[in-house]
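Chain by chain, the residues:
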Amino acid sequence: MSSVTLKDVARKAGVSAMTVSASLHGTGRVSAERSEHIRKIARKMGYQPRVAAQMLSRKRTGQVGLLFICSTETSLSDIGESGYTSPVLSSFVQVCEQEKLPYHIEYHLGQSPQEEFLPPRQLTGGLVDGALVVGHPSSAMATWFEKHCSSPLVFVDEPGQYAVRSAVDQGIHQAVMHLAALGHQHIAYMGGPDRYITHEQGYLGFEQACKAFSLKHPTQDWLIHSENMSLHDLAQEYDQVVARWWNRKIKPTAIVVHGVSSARALIGVLLQRGISIPNDVSVIAYGASGDCKRTYPMLSGIEPDFHGILQTALNMLNKLIVGKTVNPTHAAITPNLCIRDTVAAPTR
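Everything numeric here is computed off the predicted structure, so don't read it as measured data.

Q: So what about the side chain of His 258? Which residues, and what values?
A: Relative to the elements of secondary structure, His 258 occurs in strand β8 (residues 254–258). Every residue in contact with His 258, bar those within four places of it in the chain, is listed here: Val 168, Tyr 189, Met 190, Gly 191, Thr 198, His 199 and Tyr 286.

Now the structure itself:
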């Protein structure tokens, strides 16, 4: 448990313990400005008060948390429109309602290096007994998790002591196997930065599948690593890549893309160049089912089983909360392969 006490916070803030208590619980006559200052200090130190006497008496709140960690480039409006966040959120709520689990959801917006780091309120404030963590933690957040957080955590699609991820490598492998069975021998792959575990697993699955099915790769130019960019920049990069490919005698007859937004940018480039989908080239994307269905032509997808991921992660978290042993500590849930309008047998 955390060793930070109410008195420690009071000493750091230069006030009495009574003032700290009043600020954290919204009682007494402490100005809003001073209360916010004290709360920031408490969160930064990792102080974890309980929010009610009833919770103190039973040692647990009965609530589980979902913590979304957002990047500095992400806004609240972006979160609501995300093809990843939305199905994670809906699956979490659905599983909690089915299991009759009270829950608390928090979006931790990214902070620039110049800003003072503030830990998640649901964990520092004792609002939950443990949390599922979604999103890539900053170095400051990772340090806080390691040194100050006493609550059980299960990470979703991120590395951690306890973690559940979508088996991207298996899904990519399954997609390549399907394409190879149709007769595709020249398959390209487009992914993001391999510093993220999901993209690292994607490249691994693709390379393993190429070896397993003896696919022909004239150059490494068919394995595209893209950094995080705007869709406009991504489309420009893809336009240059496609131009190189279509100026050669041997061209890809199928492309696997990690991310529906990236696949949409690629499809736009292909169509602008008069390249027919799927007659000239087949396209399969890794991404949420809803996003694949809302793409034209309707996109074939390697679609994460969000319900299975959240169910497994919550089962793991509930065991940790009550002190049970969790074994195995990591799980990988196989995605679903759905073939729609963007895949056909090669015509050349």
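Moving on from the model shown.
Q: I'd love a proper account of helix α1 (residues 6–13), names of residues and values included.
A: When α1 is considered as a whole, its buried residues turn out to be Val 9, Ala 10 and Ala 13. Relative to the axis of α1, the buried residues are bounded by an arc of 100° and lie together on one face. Every exposed residue of α1 that faces more than 90 degrees away from the buried side is listed here: Lys 7, Arg 11 and Lys 12. Trailing α1 by a residue or two, Gly 14 shows a phi angle of about 75°, which is positive.

Q: How would you explain unusual backbone geometry if you had to name every residue and give the values?
A: With an omega dihedral of 5°, the bond running from Ile 277 to Pro 278 counts as a cis peptide bond. Its location among the elements puts Pro 278 in the loop between α12 (260–272) and β9 (282–286). Following Tyr 296, the chain continues into Pro 297 via a peptide bond in cis, with omega recorded as -10°. With respect to the secondary-structure elements, Pro 297 resides in the loop between α13 (289–293) and β10 (300–303). A positive phi angle is found at Asp 157, which is not glycine, with a value near 60°. Checked against the element boundaries, Asp 157 lands in the loop between β4 (153–156) and β5 (163–166). One non-glycine residue, Ser 214, lies in positive phi territory at about 50°. Mapped onto the fold, Ser 214 is located in the loop between α10 (197–212) and β7 (223–225).

Q: Outline the pairing of β4, supporting the account with residue identities and numerical values.
A: A regular strand carries its side chains on alternate faces of the sheet. Where burial is concerned, the two faces of β4 agree: the one with Leu 153 and Phe 155 and the one with Val 154 and Val 156 are both buried. Crossover strand β3 (residues 131–134) to β4 through helix α8 (residues 139–147) is right-handed. With 2 bridges joining them, β4 and β5 adopt parallel strand pairing. Bridge pairing in β5 places Val 156 opposite Val 164.

Calculation criteria
- Residues numbered from 1 in each chain as written.
- Predicted model: local features only at pLDDT ≥ 70, side-chain atom pairs only at ≥ 80, totals over all residues.
- Heavy atoms only, no water.
- Helix = DSSP H or I, 4+ residues; strand = E, 2+ residues; numbered from the N terminus.
- Contact = heavy atoms within 4.5 Å.
- Buried < 20%, exposed > 50% of the residue type's maximum accessible area, 1.4 Å probe, protein only.
- Arc of directions from axis to C-beta.
- Right-handed = clockwise from strand over helix to strand, strands pointing away.
- Pairing = 2+ DSSP bridges.

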